[in-house]
Amino acid sequence: MTVPDRTVPEGTAPAVGFVHEGLFYRDADDLLAGTVPFVEAGLAAGEPVLVAMPGANLRRVRAAVGGTERVRWADMTEAGRNPGRIIPWVLQAFADRHPGRRVRIIGEPIWAGRSEVEYPACAQHEAMINAAFAGRAATILCPYDVAALDDAALADACVTHPVLVDRAGRRPSPDYAPAEVVARYNAPLPAPAEPAAALDYQVDTLSDVRRFVADHATAAGLAADRVADLQIAVSELATNSVAHGGGRGVLHVWRTVAHLVCELRDHGWLTDPMAGRVNPAADGVGGRGLVIVHALCDLVRLHTSPAGTTVRLYMRRTS
């Protein structure tokens, strides 16, 4: 992919409605040229500012800005370890703390250290921001390292961001089509390479699910609090299977080098692609289960179709 050669220094965007920009940078100087003026413009306008980036970049921007207490700083490797939790628990949570005010956010959810299994959820996240923040007074800038990321990730950035910023300037993306990315990565999940234990469940065996998960999570070396988190997440999904997925489902559990993985399959069809990715309205009934699942797990992958739904939950086995 060709990226032109000069980052615009002003780092500003029209404060009208929701603005979602993808910033392509080549090195640390490029990154600072595109982000520091963005932060400073927000502070000058009296806008609450959040910067959520992976550690090294977070430290660079914070040092350049001066580490001001007027900016909220978050390490995206922790706050956004599960891409599915970024919108409700990081971006929306920040915006909701400032009702009636325009907010300005830098969010870098995709970096070279992201794994292949994480990336589809990252791309979907970037696409879903557009629907999640439609009509809200917010400006979100998403940096992309063109020297470290592959062409596929950069091409996806052009599809998920209506505005692109690079050394050539700021321009509308001719490829903008976020729903296409959401649909493309809603693909069947590959079969696990590792042996898996299985448990069928229905309404009268839901209590078996908690014991099954606890046994496997403990044997995999998860800490007690993480075992409890996983029990809550799996129980929530199994209960949804019974209520909305045909009355039953099957749970598979296996280990990889890095994770314990729990997979739930049922015959339900999750027709709302935003389910779990946004906080429901305060007066809404239901809709919080998947949001909680995203908060508790290190990664959530999902495939849904009229034939049924598969959800995979990943919990790190190592710190």
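Keep in mind that what you see is a predicted model, and the values were worked out from it rather than measured.

Here is what the cut-offs are and how they apply
- Residues numbered from 1 in each chain as written.
- Predicted model: local features only at pLDDT ≥ 70, side-chain atom pairs only at ≥ 80, totals over all residues.
- Heavy atoms only, no water.
- Disulfide = S-S within 2.5 Å.
- Buried < 20%, exposed > 50% of the residue type's maximum accessible area, 1.4 Å probe, protein only.
- Helix = DSSP H or I, 4+ residues; strand = E, 2+ residues; numbered from the N terminus.
- 1 Å grid on protein atoms, 1.4 Å probe; cavity = no way out; pocket = protein on both sides within 12 Å on 5 of 7 lines; lining within 4 Å.
- Points joined across faces, edges and corners; volume = space filled by probe spheres on them.
- Nonpolar A, V, L, I, M, F, W, Y, C, P; charged D, E, K, R; others polar.
- Expected span 1.5 Å × (residues − 1).
- Contact = heavy atoms within 4.5 Å.
- Polar contact = N/O pair within 3.5 Å; in protein donor to acceptor, adjacent residues only side chain to side chain.
- Pairing = 2+ DSSP bridges.
- Axes fitted to C-alpha atoms, helices over the stretch in contact; angles between N-to-C directions.

**What to know about the state of the cysteines**
Formally, a disulfide is one covalent bond, and it connects the sulfur atom of one cysteine to the sulfur atom of another.
Working step 1: Here the structure, examined in full by the defined rule, presents 0 disulfides.
Working step 2: The closest cysteine sulfur to the non-disulfide-bonded Cys142 is located on Cys122, 11 Å from its own sulfur.
Working step 3: This cysteine, Cys262, is not joined by any disulfide, and Cys297 carries the nearest cysteine sulfur, 8.0 Å off.
Working step 4: On the basis of relative accessibility, which here comes to 0%, the residue Cys262 falls in the buried class.

**Details of the environment of Gly66**
Working step 1: Mapped onto the secondary structure, Gly66 falls in the loop between α2 (55–65) and β3 (71–75).
Working step 2: Given a relative accessible area of 58%, Gly66 falls into the exposed group.
Working step 3: Sequence spacing of Gly66 and Glu47 is 19 residues, and the spatial spacing of their C-alpha atoms is 17 Å.

**Side note on the layout of surface pockets**
Working step 1: In this model, the largest pocket occupies a volume close to 400 Å³.
Working step 2: For the largest pocket, the lining is made up of 20 residues, of which Leu237, Asn240, His244, Leu270 and Leu290 are closest to its centre.
Working step 3: Elements represented by at least two residues in the lining of the largest pocket include exactly α9 (224–244), β10 (259–266), α10 (289–296) and β12 (308–316).
Working step 4: When residues in the lining of the largest pocket are grouped by element, the largest group, 5 residues, is from α9.
Working step 5: In this structure, the second largest pocket occupies an estimated 270 Å³ of space.
Working step 6: Elements with a minimum of two residues in the lining of the second largest pocket: α5 (119–132), α10 and β11 (299–305).
Working step 7: Each residue belonging to the lining of the second largest pocket can be placed in one class, and the counts come to 9 nonpolar, 5 polar and 3 charged.

**Observations concerning helix α1 (residues 28–44)**
Working step 1: Taking 1.5 Å per residue, 17 residues should reach 24 Å; α1 reaches 24 Å between its end C-alpha atoms and fits that length.
Working step 2: Every buried residue of α1 is listed here: Asp30, Leu31, Ala33, Gly34, Thr35, Val36, Pro37, Phe38, Val39, Gly42 and Leu43.
Working step 3: Residues of α1 that are buried in the fold lie against β1 (18–25), β2 (49–53), α2, β3, β4 (103–107) and β5 (138–145).
Working step 4: Near the N-terminus of α1, the side chain that reaches the backbone nitrogen of Asp29, with its oxygen 3.2 Å away, is that of Asp27.
Working step 5: Gly46, located one to two residues past α1, shows a positive phi value of around 75 degrees.

**So, the sheet that holds β11**
Working step 1: In space, the 5 strands of this open sheet follow the order β8-β9-β10-β12-β11, with antiparallel pairing throughout. Pairing within the sheet leaves two strands with one partner each, and these edge strands are β8 (197–202) and β11. Along the sheet, successive strands turn relative to each other by an average axial angle of 15 degrees, direction set aside.
Working step 2: For strand β9 (residues 248–255) and β10, the ladder comprises 6 bridges, and the chain directions are antiparallel. When the sheet's bridge partners are listed, Trp254 is paired in β10 with Val261.
Working step 3: Its contacts with the sheet place helix α8 (residues 206–219) against β8, β9 and β10, and it is angled at close to 160 degrees to β8.

**Looking at the sheet that holds strand β7 (residues 169–172)**
Working step 1: With mixed pairing, the 7 strands of this open sheet are ordered in space as β3-β2-β4-β5-β1-β6-β7. The open sheet has two free edges, formed respectively by β3 and β7, since each of these has just one partner strand. The sheet shows a mean angle of 20 degrees between the axes of neighbouring strands, direction not considered.
Working step 2: Pairing analysis gives 5 bridges linking β2 to β3, with the strands arranged parallel. Looking across to β3, one finds that Val51 is bridged to Trp73.
Working step 3: Contacts from α2 reach β1, β2 and β3, with the element oriented near 160 degrees to β3.
Working step 4: Running over the sheet, α5 touches β1 and β5 and is turned about 155 degrees from β1.

**Here we look at empty space enclosed by the protein**
Working step 1: Summed over all chains, the structure comprises 1 cavity of 30 Å³ or more.
Working step 2: If you add up the space inside the largest cavity, you get close to 30 Å³.
Working step 3: Those elements that provide at least two residues to the lining of the largest cavity are α4 (86–96), α5 and β5.
Working step 4: Here the element with the most residues in the lining of the largest cavity is α5; it accounts for 3 residues.
Working step 5: Of the residues in the lining of the largest cavity, the class split is 7 nonpolar, 2 polar and 1 charged.

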